[in-house]
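Tertiary structure, described
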Amino acid sequence: RGVLNQFTLIFYAVTVILGVIILTMIKILIPILSEIPGFFADPCQTPVGFEIAICELFKSISYLFKSTIPQTYYMFGILSLVTLLQAIFGGIIIGIGVENSLIKGFIHSLILFSLIFFMFLVSARIGLI
């Protein structure tokens, strides 16, 4: 049982570390790379069909965490969405792999999702991203 608790703790740590890495990338790497002409080709300039829905999703995520849309809101949306999805599926893996219960997996997913969501929210509100 002790090894399984360590597995759970490691999954939580990996999720938090991934969140910190993504926040660092958003804060430091994206502004630097967006200054390079042609490095970020904005696919949301002229979206067609299903791309419109995806671009609106990224725009909504950007509005949720920031008051204004950053120049590269689609990169912010992609990175934050990947982190939130990792939290959801990480919780499911903990529940199924460690506790043999999908319900407990959803509880872990909710905890990890809330942790990452509030990490992004607080970072945006205090001006880190």
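Residues numbered from 1 in each chain as written. Predicted model: local features only at pLDDT ≥ 70, side-chain atom pairs only at ≥ 80, totals over all residues. Heavy atoms only, no water.

1. Some words on the environment of Leu57
This is how the line gets drawn: To qualify as a helix, a DSSP run of H or I must reach at least 4 residues; to qualify as a strand, a run of E must reach at least 2; elements of each kind are numbered from the N terminus.
Position of Leu57 among the secondary structure elements: in helix α2 (residues 50-65). Separated by 20 residues in sequence, Leu57 and Gly77 have C-alpha atoms that sit 7.7 Å apart.

2. Regarding unusual backbone geometry
Trans is the prevailing form of peptide bonds, just as negative phi is the prevailing case for residues other than glycine. Basically, it comes down to this: Each residue is placed in one exposure class: buried if its accessible area under a 1.4 Å probe, protein chains only, is under 20% of its type's maximum, exposed if it is over 50%, and partly exposed if it falls in between.
Phi is positive for Asn100, which is not a glycine, with a value near 55 degrees. Tracing the backbone shows Asn100 in the loop between α3 (73-97) and α4 (102-125). Judged by its relative accessible area of 68%, Asn100 is exposed.

3. Section: the nonpolar core
Quick note on the threshold: Among buried residues, the Ala, Val, Leu, Ile, Met, Phe, Trp, Tyr and Cys ones that are joined through side-chain atoms within 4.5 Å form a nonpolar core. Every residue pair with non-hydrogen atoms within 4.5 Å of one another is taken to be in contact.
Judged by nonpolar contacts, the single largest core of 28 residues is most densely connected at Ile26, Phe65, Phe76, Ile94, Ile116, Phe120 and Ile129. Breaking this core down by element, the ones donating at least two residues are α1 (2-34), α2, α3 and α4. When residues in this core are grouped by element, the largest group, 8 residues, is from α3. Leaving out residues up to four positions away in the same chain, Ile94 has contacts with Thr8, Phe11, Tyr12, Glu99, His108 and Leu112.

4. Digging into the environment of Ser80
Applicable threshold: Counting of polar contacts relies on pairs of N or O atoms within 3.5 Å, with two restrictions inside protein: one atom must be capable of donating a hydrogen and the other of accepting it, and residues adjacent in sequence are counted only when both atoms are side-chain atoms.
Here Ser80 is to be found in helix α3. Distance in space between the C-alpha atoms of Ser80 and Ile22 is 7.4 Å, their sequence separation being 58 residues. Ser80 has contacts with Ile61 and Phe120, leaving out every residue within four places of it along the chain. Among the polar contacts listed, one links the side chain of Ser80 to the backbone oxygen of Gly77, at a separation of 3.2 Å.

5. Topic: the pattern of salt bridges
Where charged atoms from two side chains of opposite charge come close, those side chains can pair. Filter applied, for reference: Put simply, a salt bridge is a Lys or Arg side-chain nitrogen that is within 4 Å of an Asp or Glu carboxyl oxygen.
Taken as a whole, this structure holds 2 salt bridges when the rule is applied. Close ionic contact of Lys59 with Glu56 constitutes a salt bridge, the shortest N to O distance being 3.7 Å. In this pair, Lys59 and Glu56 are both assigned in helix α2, 3 residues apart and thus about one turn of the helix distant. Residue classification places Glu56 among the partly exposed residues on the basis of a relative accessible area of 41%. Salt-bridge contacts for Lys104 lead to Glu99; the nearest nitrogen and oxygen are separated by 4.0 Å. Residue class for Lys104 comes out partly exposed when judged on its relative accessible area of 40%. With relative accessibility at 25%, the residue Glu99 sits in the partly exposed group.

6. Side note on a nonpolar patch on the surface
Let me state the cut-off plainly: Within this analysis, patches are made of residues with over 30% relative accessible area and no salt bridge. Like charges are joined at 9 Å or less; nonpolar side chains (Val, Leu, Ile, Met, Phe, Trp, Tyr) at 5 Å or less. Where accessible areas are quoted, they stem from the Shrake-Rupley method and a 1.4 Å probe; at the residue level, only the protein chains shown are allowed to cover.
On the surface, Ile96, Leu102, Ile103, Phe106, Ile107 and Ile111 cluster together into a nonpolar patch covering about 570 Å² of accessible area. With 5 residues, the single largest contributor to the nonpolar patch is α4. Mapped onto the elements, Phe106 comes out in helix α4. With a relative accessible area of 45%, Phe106 lands in the partly exposed category.

7. What to know about the packing of α3 against α4
Counted only if it meets this: Only C-alpha atoms enter the line fits that serve as axes; for helices the fit covers just the stretch in contact. Angles between N-to-C directions range over 0 to 180 degrees. Roughly parallel covers angles under 35 degrees, roughly antiparallel covers those over 145, roughly perpendicular covers 65 to 115, and oblique covers all other angles. Should the near helix be turned anticlockwise from the far one by less than a right angle, the crossing is left-handed, and should it be turned clockwise, the crossing is right-handed. In this classification, the charged set is Asp, Glu, Lys and Arg, the nonpolar set is Ala, Val, Leu, Ile, Met, Phe, Trp, Tyr, Cys and Pro, and all remaining amino acids, among them Gly, are polar.
It is at 6 Å that the axes of α3 and α4 come closest, and there the two elements cross at 150 degrees. Here α3 is positioned roughly antiparallel relative to α4, judged by the angle of their axes. The handedness of the crossing between α3 and α4 is right-handed. Contacts from Phe76, Ser80, Thr83, Leu84, Ala87, Ile88, Gly90, Gly91, Ile92, Ile94, Gly95 and Ile96 of α3 reach α4 at Leu102, Lys104, Gly105, Phe106, His108, Ser109, Leu112, Phe113, Ile116, Phe117 and Phe120. Taken together, the residues of the contact of α3 with α4 break down into 14 nonpolar, 8 polar and 1 charged.

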